[in-house]
Every structure is written in structure tokens, then in C-alpha cells.
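# Descriptive structure summary
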Amino acid sequence: MQITAIGACDDFHMASRWAEPGGGIDEMVKIRLQGTTNEIKRMRRVIERNRSLEVRSVSEVFANKGTKKYFRQYMDVSFDPKKKVEE
């Protein structure tokens with residue numbers, strides 16, 4: 001499983017150039033999940049269940065070129081520092 005987050009992360013404080021001033025959730029990162037379809041589904045559930053994260057959009061699952069085993073999926077995820085992080 002490979003996860004790529006485009007943005008900055010420092011102790012769950014995610015900042016990005018896509019910030020929306022004045023909103024409750026104003027910090028967003030773009031994430032690429034890459035792995036088998038089961039690994040992608042499992043990781044997507046983990047991200048969606050985290051109360052401090054809001055999944056804004058999710059792409060379809062794309063097949064990687066040259067392999068029938070690995071796929072990728074893209075997500076836009078916002079972080080709300082006011083919500084409790086699940087333990």
C-alpha cells in the first residue's frame with residue numbers, strides 16, 4: 001500500500017494553498033491511495049471514519065499500467081482541528 005499526500009503535515013495540522021478563509025474546515029490535502037483493491041478499500045474506510053477528517057471527493061479506482069494487481073484512487077481530504085481525533 002502506498003499513500004501519497006500532497007501538502008504539508010505537522011502534528012495533524014495540514015496546510016495547503018487550497019485554503020478557504022472563514023470556513024470551519026479550511027485545510028485540504030490531496031491523497032493518492034495505491035495498492036490492491038482490498039488495501040484501497042480498507043484505507044479509505046480508515047480515513048472516512050476519522051472524525052477530524054472530511055472526505056470532500058473520491059475518484060473512481062484506476063488500474064495501474066503494466067499490472068493487473070495494483071490500482072490507485074484519489075481523495076481530497078480536509079482536516080478540522082476542532083474535532084476530536086479518534087484514538
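Below, the structure is looked at part by part. (Residues numbered from 1 in each chain as written. Predicted model: local features only at pLDDT ≥ 70, side-chain atom pairs only at ≥ 80, totals over all residues. Heavy atoms only, no water.)

## Focus on the side chain of asparagine 64
Basically, it comes down to this: Only runs of H or I of at least four residues qualify as helices and only runs of E of at least two qualify as strands under DSSP, and these elements are numbered from the N terminus. Exposure is judged per residue with a 1.4 Å probe applied to protein chains only, and the accessible area is read against the type maximum: over 50% gives exposed, under 20% gives buried, and values in between give partly exposed. Definition of a polar contact: a pair of N or O atoms within 3.5 Å, with one able to donate and the other able to accept a hydrogen when the atoms are protein atoms, and with sequence-neighbouring residues admitted only if both atoms are side-chain atoms.
Residue position: asparagine 64 is located in the loop between β6 (62-63) and β7 (71-79). Exposure remark for asparagine 64: the relative accessible area of 15% places this residue in the buried category. A distance of 3.0 Å separates a polar atom in the side chain of asparagine 64 from a polar atom in the side chain of arginine 72.

## As for the pairing of β7
Test applied: In this analysis, strands are considered paired if DSSP registers two or more bridges between them.
Note that strand β4 (residues 27-35) and β7 share nine bridges and pair antiparallel. Pairing of leucine 33 across the sheet is with glutamine 73, part of β7. Inspection of the sheet shows strand β5 (residues 53-58) paired to β7 by five bridges, in the antiparallel sense. Across the sheet, serine 57 pairs through a bridge with aspartate 76, a residue of β7.

## Examining the pattern of salt bridges
The line we're drawing: Salt bridges are identified by distance alone: a Lys or Arg side-chain nitrogen within 4 Å of an Asp or Glu carboxyl oxygen.
Inspection of the entire model under this criterion finds two salt bridges. Of the charged contacts in the structure, one is a salt bridge between lysine 30 and aspartate 76, with a shortest N-O distance of 3.3 Å. Within this pair, whereas lysine 30 is found in strand β4, its partner aspartate 76 is found in strand β7, the two being separated by 46 residues in sequence. Here lysine 30 falls in the partly exposed class, since its relative accessible area comes to 30%.

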